[in-house]
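# Results of the structural survey
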Amino acid sequence: MGRMRILLTALIVALTSACADGDKHSTDNGDIASCEGCHTHYETLKAIAAPDTTTGGGGCGGDAPHIDRWDRVYLGGTGFTDFKNSTHGTLPCTQCHNGMDGTSDKVEAHSGDFISHPSTYAQEKCGSCHNTIVTMANNSLHQQGWGQKRMVYLRAGLNSFDELSLTMKAGYQTNCAKCHASCGECHVNRPKAGGGGLYKGHRFGSPDMRDQCVACHSSRGGHAFFGIGTGTVPDVHYSQLGMQCLDCHTAPELHGNGQILDTRWQMPNLPACTSCHSSIAASNAYHTEHLSAFSCYVCHSQNYNNCGSCHIGGEGARIVSHQSFKIGMNPIKDIKSQYKFALLRRSLSAPDSWDLYGTSSLSGFGAAPTYKYTTPHNIQRWTTRTQVETGQPCYDNCHIVYESGTYRNRNLYLFNSDLLETWELSADTGIVVDGKLPPGWGTP
């Protein structure tokens, strides 16, 4: 766990530590009696900065890198020049941030109805120009985290997030909501998990894969895509084609469709392998036999990052982060109906996860499996399951084969015997493969 966390933290630091893409002092001037005058004067910002009173973002990928408070609000570099030359740069600071311009007094400038993050009031501050996007995004998974919230209240035996105790809601905000983003955290700031603050001198733009997307999606997204895990290599779409997140995950998906969705798998704009890889049903023996029953990741994923049983806000995971691979029964058959078998990852919940927030045991814990449907970003054409030695049948490294008194390849599949806790047994009854594999296999 320690090595994995160090790797993930190092990744985030490397991707997000730069405060501006230019000389910090390039825009220093003598007149600080305005919003822009103060925020372009680096030494002034440093001199008047108050100490941080809260910890950084962090999340599943580890603690967020520390960026000094003055660096988080400094306007400088080519990014600030780009901002000044853009439509957003023509607006007075107070139109978005409120407060008072034309003063060198920090308290006065930030007085009254000052807003440090205008997009937390997106309908008012962003919606006047971007009304359709703001309306759609208001209920998006990126902003609201409906899937996480649903899992918490279901496992707590409740019917809605609103029914949770105030203590559990506070725990959710502290521990789970760190990555769920407003407009600004994708388009003008670094996410909290990346250290927070302005990104590239207040320039507005599409999210940067490394500094913004991966700052939040690190433990399984960036971790897999860049091949950080032991024994893995970067995703072929990245290493061979140089693809970026936005090549597949387009704005309609990221902004949402205005509807409240229980899970991201319900989003109609999700990318699909077959959008690019068409006419593959009969392209080889593997596809002919399995394309209609197995998710693509069962064959084309490498080992990927799993974790389990975190204590929310506590001392960490009972089951530490690890590279693994498990095939099980499709747990979202109602959504991905074409697949009988799917790749699964171990999630981070346990009945006592919320003990520190007043709930010693989640009464409805078995409402969902602890192993989830997963689509790791670590794709390879040839993997340990599809590449077999010359002369061996194509299924040699994937089907369970009984030979010499052992069941070879059994470790690839999720059996009851793989579940370590009694509460896992009840939660995962529907997705273990016991008694569900083809009768011709040498299954125990």
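Predicted model only: the values in this text are computed from it and were never measured.

### Quick look at the packing of helix α13 (residues 209-216) against helix α14 (residues 218-225)
Contact geometry of α13 with α14 gives a least axis separation of 6 Å together with a crossing angle of 135 degrees. Classed by the angle they form, the pair α13 and α14 counts as oblique. Across the interface between the two elements, Met-209, Val-214, Ala-215 and Cys-216 of α13 pack against Ser-218, Gly-222 and Phe-225 of α14. Classifying every residue of the contact of α13 with α14 gives 5 nonpolar, 2 polar and no charged.

### Here we look at the sheet that holds strand β4 (residues 341-346)
Pairing within the open sheet is antiparallel, and its 3 strands lie in the order β3-β4-β5. Two strands lie at the open edges of the sheet, namely β3 (326-329) and β5 (371-373), each paired on one side alone. Averaged over all adjacent pairs, the angle separating strand axes in this sheet is 55 degrees, with direction ignored. Relative to β4, β3 is paired through 4 bridges, and the arrangement is antiparallel. What sits directly across from Met-329, in β4, is Phe-341.

### Observations concerning the packing of aromatic side chains
For the structure on display, the rule yields 14 aromatic pairs. When the centroid spacing of 6.3 Å and the interplanar angle of 70 degrees are considered together, the rings of Tyr-304 and Phe-325 count as edge-to-face. Taken together, the residues span a long stretch of sequence, with Tyr-304 in strand β1 (residues 304-311) and Phe-325 in the loop between β2 (316-324) and β3 at a distance of 21 residues. Look at Tyr-304 and you get buried, because its relative accessible area is 4%. Among the aromatic residues, those joined into a cluster by ring pairs are Phe-80, Phe-83 and Phe-204. A cation over a ring is seen here: Lys-149 above Phe-161, with NZ or CZ 5.3 Å from the ring centre. The ring of Phe-415 carries the charged tip of Arg-410 above its face, separated from the ring centre by 4.0 Å.

### So, the environment of Arg-190
Following the sequence through the fold, Arg-190 ends up in the loop between α12 (183-187) and α13. For the pair Arg-190 and Pro-118, spaced 72 residues apart in sequence, the C-alpha separation works out to 14 Å. Separated by 3.1 Å, the side chain of Arg-190 and the backbone oxygen of Leu-198 make a polar contact.

### Overview of the layout of surface pockets
A volume near 300 Å³ is recorded for the second largest pocket. Residue lining of the second largest pocket: 20 residues in total, with Glu-289, His-290, Phe-294, His-399 and Trp-441 positioned closest to the centre. Those elements that place two or more of their residues in the lining of the second largest pocket are α18 (285-290) and α19 (296-300). Element by element, the count of residues in the lining of the second largest pocket is highest for α18, at 4 residues.

### A look at the pattern of salt bridges
This model, assessed by the stated rule, comprises 10 salt bridges. The salt bridge partner of Lys-192 is Glu-185, with a shortest N-O separation of 3.0 Å. The partly exposed category is assigned to Lys-192, whose relative accessible area is 36%. Taking the relative accessible area as the measure of exposure, Glu-185 reaches 11% and is therefore buried. In this structure, Lys-326 engages Asp-418 in a salt bridge whose closest nitrogen and oxygen atoms are separated by 3.4 Å. Taken together, the positions of Lys-326 in strand β3 and Asp-418 in the loop between β7 (406-408) and α20 (422-427) put the pair 92 residues apart, joining distant regions of the chain. Accessibility expressed as a relative area gives 11% for Lys-326, which makes it buried. Among the ionic contacts, a cluster of salt bridges with common partners joins Asp-396, Glu-403 and Arg-408.

Cut-offs and rules
Each chain has its residues counted from 1, running along the sequence as written. Owing to the predicted nature of the model, reporting of local features is limited to residues with pLDDT of at least 70; listing and counting of side-chain atom pairs is limited to 80 or more, with chain, interface and lining totals taken over all residues. Excluded from the side-chain calculation are hydrogens and water; included are all heavy atoms of the structure. Lines fitted to C-alpha atoms define the axes, with helix axes restricted to the stretch in contact, and inter-axis angles between N-to-C directions lie between 0 and 180 degrees. Helix and strand labels come from DSSP, where a helix needs a run of H or I of at least four residues and a strand needs a run of E of at least two; each type is numbered from the N terminus. Roughly parallel refers to an angle under 35 degrees, roughly antiparallel to one over 145, roughly perpendicular to one between 65 and 115, and oblique to any angle outside these ranges. What makes two residues a contact is simply this: any of their non-hydrogen atoms within 4.5 Å. When residues are sorted by character, Ala, Val, Leu, Ile, Met, Phe, Trp, Tyr, Cys and Pro go into the nonpolar class, Asp, Glu, Lys and Arg into the charged class, and all the rest, Gly among them, into the polar class. For two strands to pair, DSSP has to find at least two bridges joining them. Classification of ring pairs rests on two measures: the distance between centres of Phe, Tyr or Trp rings, Trp counted by its six-membered ring, which must be within 6.5 Å, and the angle between planes, read as stacked under 30 degrees, edge-to-face over 60 and tilted in between. Throughout, exposure labels follow a simple rule: accessible area from a 1.4 Å probe, protein chains only, divided by the maximum for the residue type, with under 20% read as buried, over 50% as exposed, and the rest as partly exposed. Whether a charge sits over a ring comes down to the Lys NZ or Arg CZ being within 6 Å of the ring centre and within 35 degrees of the ring normal. Under the rule applied, a polar contact is a pair of N or O atoms within 3.5 Å (in protein, one hydrogen donor and one hydrogen acceptor; residues adjacent in sequence only if both atoms are side-chain atoms). Here a cavity is any set of points on a 1 Å grid over the protein atoms alone where a 1.4 Å probe fits but cannot get out, and a pocket is any open set with protein on both sides within 12 Å along at least 5 of 7 lines; a residue lines the site when it has an atom within 4 Å of a point. Grid points are joined across faces, edges and corners, and a volume is the space filled by probe spheres set on the points. Here, a salt bridge means any side-chain nitrogen of Lys or Arg that lies within 4 Å of a carboxyl oxygen of Asp or Glu.

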